[in-house]
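# Structural overview
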Amino acid sequence: MTTPDPSARLSRDVVAKVARLARLDLTPDELDVMTNQLAGMLDHFSDIDKLDLADVAPLAQPLPLKNVLRDDVVVKGLDRDEVLAAAPAAEDGRFRVPPTIGFQE
Amino acid sequence: MSNATSAPSNSVALPDGWEMVVGLEVHVELDTKTKLFSASPNRFGDDPNTNIDPVTLGLPGALPVLNRRAVELAIRLGLALNCTVQASTFHRKNYFYPDLPKAYQISQYDQPINVNGYLMLPGDVKIGIERAHLEEDTGKSTHFGGSSGRIHGSDYSLVDFNRAGVPLVEIVSKPDIRNSDQARQYVAELRSILLAVGASDAKMEEGSMRVDVNVSVRRTGEPFGTRCEIKNVNSIRAVGKAIDYEARRQIDVLESGGVIRQETRHWDDAEGRTHTLRTKEDADDYRYFLEPDLVLLDPDTEWVDAIRASLPMLPAERRARLSTITGANKESEAVYVIVERGQDDYIATVADAGGDASRALVYVTQAFAEEGSTPRVPAADLARLTILERDAKVTATQAKTILSELVANGGGDAAKIAAEKGFEALDTSAVEQMVDDAIAAQPDAWAKYCAGEEKALGAIVGAVMKASKGKADGKVVTAILLSRKG
């Protein structure tokens, strides 16, 4: 069995796009490494795809837990001044941040 | 709020052959004490950044734990919207923005808690609800500097995280809405339901209820067109205006040979128009993945049944009941207004006390606007007044005077007030005599009336009213006049 060409399933462009969305600044070399590594992971998924899983329920969460809930009771949080002292910039009790371009709401 | 009634229409007609398709996404803040995933207070109007904790700020190692009350309120709302409540999961919606410190919003994606509901509008119009899912709110950015004071061109922003992590339910309608009246009715009805089940205070002006509008247009019978999403629609009135503007804009673009780009637009209420906020390119590539720090939410049947059993009577049912009691149309303005004010129980009590419910509806609508759901006038007192008027012991005008006394004094004996004011009933034979005298005194007017000139009657009725010092019942006078005409 020959090793499939990673770029056949995962293009370098897709990896570059995902990196951009995640605000990762990758060098061309890093992009090659990442493309190979991510393609390896996809190989693993394609192995799973080959199995007959018709009788296996989809797994939403690996933990055998559900309905972990807490009561709606206030607990004292963090002190504002202490938190803002750790921020790069603050003003009027708020975090000061650079102007935003291409914003979201 | 009269927006939910079937009339009158404020919709602007589209050119022939065009149809609009509208879907609404409504975010509501749930009325909990704490946030969705942490125990800081969920409270509007506190000093900035006083309701923060490691989860809210996305500090390393902080783990979310789901608020039971938020889940319960989401289920209450889902059931009230006729949804199926199902097992659900949470996902991370990844994007970078300063008011989102984790760089992802925890939301529900492919398995929301409530699905496939509907809401009924006047005229038996059914609007589908695709889903009503839980998610966390973001912080609040305020932009400073720059010339416009708007986000574009600002020098810097200040961020308050009090709102970050506040529980939201996003209610997504199916694209079933076809005009702006329906959209306004939908928002008004949804708001009434939210208040009735206690899920949210639903204040659009404070942002605890926020409406995003999706509008597209098409030539009748064709597939859906490209839609635009409109934000900053901050009142029910603005919902209607923004939709009518946007549909017209899209039609103008298409009719002049242009194409509609899928984009987010901003409603400018002062200018009465929408403008481009951002185009949808890969901004919407949120790379959702399952939130590994939260487990399956799978409410058991007992819990859901208990919540269902605890639901109050919903607005639609209350309007139907009020309509049955009073004989008024269930889509009439008065019925909507009274249920909105929560005064329908009071009118039911007036009816139970032997009162005339249809008159009580008129009195309460007109005189109890400031009274809230438990008017100070005892229901039995109002009941007696309705009977006095029904039995023609007092005229409608006199009843109104007595009603003002009752409201001013927080109750009272209507019959006694009538006597004090000299409102004792005139006996019919006395009124008949006055009518005959008035006819005899103004033979010209009577002849004109008999010849078909309705207006001429005014002089005769006026004379009777003067003779009776206003005590004659206008309806009785008219009836006698008709009988004299033969």
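Here is a short report on the structure shown in this document. (Residues numbered from 1 in each chain as written. Chains lettered and ligands numbered in written order. Predicted model: local features only at pLDDT ≥ 70, side-chain atom pairs only at ≥ 80, totals over all residues. Heavy atoms only, no water.)

### Focus: the environment of Y336 of chain B
Residues and elements named next belong to chain B. Using the following cut-off: Secondary structure elements are taken from DSSP: a helix is a run of H or I of four residues or more, a strand is a run of E of two residues or more, and numbering for both begins at the N terminus. Relative accessibility thresholds used throughout: buried, under 20% of the residue-type maximum; exposed, over 50%; partly exposed, between the two (1.4 Å probe, protein chains only).
Note on placement: Y336 falls in helix α7 (residues 333–341). Residue Y336 is classed as buried on the basis of its relative accessible area of 7%. Along the backbone, Y336 and E189 are 147 residues apart, and their C-alpha atoms lie at a distance of 9.9 Å.

### Notes on the nonpolar core
Spelled out, the test is: Buried residues of nine kinds, namely Ala, Val, Leu, Ile, Met, Phe, Trp, Tyr and Cys, make up a nonpolar core once their side-chain atoms join them within 4.5 Å. Contacts were defined at the residue level, with two residues in contact if any of their heavy atoms lie within 4.5 Å.
Core analysis: the biggest nonpolar cluster contains 67 residues, and L24, I171 and Y186 of chain B have the highest contact counts within it. The contacts of I171 of chain B, once residues within four sequence positions are left out, are L24, E25, V26, V28, L77, L81, I129, R131, A132, Y186 and L190 of chain B.

### Observations regarding the side chain of E135 of chain B
All names here are of chain B. Here is the rule we go by: Neither His nor the chain ends is counted toward charge; the positive residues are Lys and Arg and the negative residues Asp and Glu. For salt bridges, the criterion is a side-chain nitrogen of Lys or Arg within 4 Å of an Asp or Glu carboxyl oxygen. Two N or O atoms form a polar contact when they lie within 3.5 Å of each other; inside protein one atom must be a possible hydrogen donor and the other a possible acceptor, and for residues adjacent in sequence the pair counts only when both atoms belong to side chains.
You can see E135 is positioned in strand β7 (residues 125–136). No salt bridge is formed by the buried E135, whose closest oppositely charged neighbour, K93, lies at an N-O distance of 5.9 Å. Separated by 3.1 Å, the side chains of E135 and H27 make a polar contact. Among all residues touching E135, those that are not within four sequence positions of it are H27, L36, Q105, I106, S107, V166, P167, L168 and E170.

### Regarding the sheet that holds strand β2 (residues 90–91) of chain A
The condition that has to hold: Here, any two strands with at least 2 DSSP bridges between them count as paired.
Overall, antiparallel pairing links the four strands, which are arranged β2(A)-β3(A)-β9(B)-β8(B) in an open sheet. A single partner strand is all that each edge strand has here, and the edge strands are β2 of chain A together with β8 (140–144) of chain B. By the bridge criterion, three bridges tie strand β3 (residues 94–97) of chain A to strand β9 (residues 156–160) of chain B in an arrangement that is antiparallel. Across the sheet, the residue bridging to R96 of chain A is L158 of chain B, located in β9 of chain B.

### Regarding the pairing of strand β10 (residues 167–173) of chain B
All names here are of chain B. Of all seven residues that make up β10, seven are buried, and the element is covered over most of its length. Residues of β10 alternate between two faces, with P167, V169, I171 and S173 on one and L168, E170 and V172 on the opposite face, all of them buried. Two strands pair when backbone bridges link them, and strand β1 (residues 18–29) and β10 are joined in this way by five bridges, in the antiparallel orientation. Paired with E25 across the two strands is V172, which belongs to β10.

### Brief notes about the packing of helix α3 (residues 180–197) of chain B against helix α4 (residues 236–255) of chain B
Residues and elements named next belong to chain B. Quick reminder of the rule: For every element, the axis is a line fit to its C-alpha atoms; helices are fit only across the contacting stretch, and the angle between N-to-C directions ranges from 0 to 180 degrees. Roughly parallel refers to an angle under 35 degrees, roughly antiparallel to one over 145, roughly perpendicular to one between 65 and 115, and oblique to any angle outside these ranges. Crossings are sorted by hand: turned counterclockwise from the far helix by less than a right angle, the near helix makes the crossing left-handed, and turned clockwise it makes it right-handed.
At their nearest, the axes of α3 and α4 sit 9 Å apart, and the two run at 155° to each other. Here α3 is positioned roughly antiparallel relative to α4, judged by the angle of their axes. Crossing of α3 against α4: the hand is right-handed. Two secondary-structure elements touch here, α3 through S180, A183, R184, V187 and A188 and α4 through I236, V239, G240, I243 and D244.

### Considerations on the interface of chain B and chain A
Cut-off, in case you're wondering: By convention, the term buried area covers the 1.4 Å-probe accessible surface removed from two parts as they join, with the contributions of both added.
On the chain A side, the residues contacting the 60 residues of chain B number 36 residues. Together chain B and chain A conceal approximately 4300 Å² of surface at their shared face, both sides included; 57% is due to carbon and sulfur atoms. Linking chain B with chain A are three salt bridges, by the criterion used here. Residue D71 of chain A pairs with R68 of chain B through a salt bridge whose shortest N-O separation is 3.1 Å. Taken together, chain B and chain A are joined by 24 residue pairs in polar contact (both at pLDDT 80 or more). Elements supplying a minimum of two residues to the side of chain B that touches chain A: α1 (54–57), β2 (66–67), α2 (68–80), β8, β9 and β14 (273–279) of chain B.

### Here's the deal with the environment of V18 of chain A
Residues and elements named next belong to chain A. Relative to the helices and strands, V18 is located in helix α2 (residues 12–21). Residue classification places V18 among the partly exposed positions, given a relative accessible area of 40%. Sequence separation of V18 and D43 is 25 residues, and the distance between their C-alpha atoms is 18 Å.

### Remarks on a nonpolar patch on the surface
Residue and element names in this part refer to chain A. Using the following cut-off: Residues qualify for a patch when their relative accessible area is over 30% and they have no salt bridge, like charges being joined within 9 Å and the nonpolar side chains of Val, Leu, Ile, Met, Phe, Trp and Tyr within 5 Å. Each accessible area is a Shrake-Rupley result for a 1.4 Å probe, and residues are judged covered by the shown protein chains and nothing else.
Together, M34, L38, M41, L42, F45, I48, L51, L53 and V56 make up a nonpolar patch on the protein surface, roughly 790 Å² of accessible area in all. Among the secondary structure elements, I48 is positioned in helix α3 (residues 28–49). Overall, the relative accessible area of 32% leaves I48 in the partly exposed class.

### A look at unusual backbone geometry
All names here are of chain B. Phi at N82 takes a positive value of approximately 60°, unusual for a residue other than glycine. Note on placement: N82 falls in the loop between α2 and β3 (84–85). For A103, which is not a glycine, the phi torsion comes out positive at approximately 70°. Relative to the helices and strands, A103 resides in the loop between β4 (91–94) and β5 (104–107).

What is shown is where atoms sit, not what they do.
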